[in-house]
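# Results of the structural survey
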Amino acid sequence: MFSRIVLAASAALMLTGGVALAQDVIQTRKAGFEDYKKAMGEIKDAVGKGDLAAVGPVADRIDAFAAKIPSLFPPGSDKGKTAAKEVIWANFPDFTAKAQDLQAGAKALKVAAASGDKAATGKAFGAMADNCKACHQRYRSE
């Protein structure tokens, strides 16, 4: 009888710990996406002002975040306060590919900005924003 109680208590702790862990990763990814949104605004402002030198470091921030995106969606982190659709985990290779597209877009944006060509930088920024939209359309609830 005692072993059943210990087993039940252990299972409850593991389940509760798993929920807490899922909530932690949800909060971490929300913070990352908030910073991403802020970064997009910073880039838009910099391109609008013609301050292309400011674009590279912000693009690096997006590149680094995009590399982490798949790890921020472990199985079980679809519960709680999240806009993530369940289809992410059913189609994780495509979801990962979309994160890699965002990462490639950030790299291309940095190269375009470094060239000093405002039109090319604006085009690269638009392409990167399209990568974001492609993922949101399929994998994020609004």
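Residues numbered from 1 in each chain as written. Predicted model: local features only at pLDDT ≥ 70, side-chain atom pairs only at ≥ 80, totals over all residues. Heavy atoms only, no water.

## Comments concerning the packing of helix H2 (residues 55-68) against helix H4 (residues 92-115)
Note the threshold: Under this scheme, a helix contributes an axis fitted over its contacting stretch, all axes are lines through C-alpha atoms, and angles between N-to-C directions fall in the 0 to 180 degree range. Secondary structure elements follow DSSP: runs of H or I of four or more residues count as helices, runs of E of two or more count as strands, with numbering from the N terminus. Here is the rule for angles: anything less than 35 degrees is roughly parallel, anything more than 145 is roughly antiparallel, 65 through 115 is roughly perpendicular, and the remaining ranges are oblique. Crossing handedness: left-handed means the near helix sits turned counterclockwise from the far one by under a right angle, and right-handed means the same turn made clockwise. Every residue pair with non-hydrogen atoms within 4.5 Å of one another is taken to be in contact.
Contact pair H2 / H4: the axes reach a minimum separation of 8 Å and the direction vectors enclose 165°. Taken as axis vectors, H2 and H4 run roughly antiparallel relative to one another. Where H2 crosses over H4, the handedness of that crossing is left-handed. In this structure, H2 uses Val 55, Gly 56, Ala 59, Asp 60, Ile 62, Asp 63, Ala 66 and Ala 67 to contact H4, whose residues at the interface are Ala 99, Leu 102, Gln 103, Ala 106, Lys 107, Leu 109, Lys 110 and Ala 113.

## Quick word on the UniProt feature "binding site: heme c" (unreviewed entry) in the protein
For the record, the criterion: UniProt positions are given in the numbering used here, feature names are shortened, and annotations may be inferred rather than shown by experiment. A 1.4 Å probe rolled over the protein chains alone gives each residue an accessible area, and that area as a share of the maximum for its type sets the label: buried under 20%, exposed over 50%, partly exposed in between.
Using the residue numbers shown here, the UniProt feature "binding site: heme c" (unreviewed entry) corresponds to Cys 132, Cys 135 and His 136. Locating Cys 135 in the fold gives a position in helix H5 (residues 118-139). When sequence neighbours within four positions are dropped, the list of residues in contact with Cys 135 reads Phe 95, Lys 98 and Arg 140. The exposure class of His 136 is partly exposed, given its relative accessible area of 27%.

## Examining H4
Short version of the rule: The length a helix should cover is 1.5 Å for every residue beyond the first.
With 24 residues, H4 ought to run about 34 Å at 1.5 Å a step, and its terminal C-alpha atoms sit 35 Å apart, in line with that. Three or more residues of H4 are buried, namely Phe 95, Thr 96, Lys 98, Ala 99, Leu 102, Gln 103, Gly 105, Ala 106, Leu 109, Ala 112 and Ala 113. Directly after H4, the chain includes Gly 116, whose backbone phi takes a positive value near 85°.

## Here's the deal with the side chain of Ser 77
Operational definition: Polar contacts, as used here, are pairs of N or O atoms within 3.5 Å; protein pairs need one atom able to donate a hydrogen and one able to accept it. Residues neighboring in sequence count only if both atoms are side-chain atoms.
Here Ser 77 is to be found in the loop between H2 and helix H3 (87-90). Within the structure, Ser 77 has its side chain in polar contact with the backbone oxygen of Pro 74 (distance 2.7 Å).

## What about the pattern of salt bridges?
Put simply, the test is: By convention in these notes, a salt bridge is any Lys or Arg side-chain nitrogen within 4 Å of a carboxyl oxygen on Asp or Glu.
For the structure on display, the rule yields 7 salt bridges. With a shortest N-O distance of 3.1 Å, Arg 61 and Asp 35 are connected by a salt bridge. A residue pair is termed long-range when its members are at least 10 positions apart, and Arg 61 in helix H2 and Asp 35 in helix H1 (residues 2-49) qualify at 26 residues. Assessed through its relative accessible area of 32%, Asp 35 is described here as partly exposed. When the shortest N-O distance is used, the salt bridge between Lys 98 and Asp 94 registers 3.5 Å. Here Lys 98 and its partner Asp 94 are both found in helix H4, 4 residues apart, which amounts to about one turn of the helix. Judged by its relative accessible area of 23%, Asp 94 is partly exposed. Through salt bridges with shared partners, one network takes in Asp 35, Glu 42 and Arg 61.

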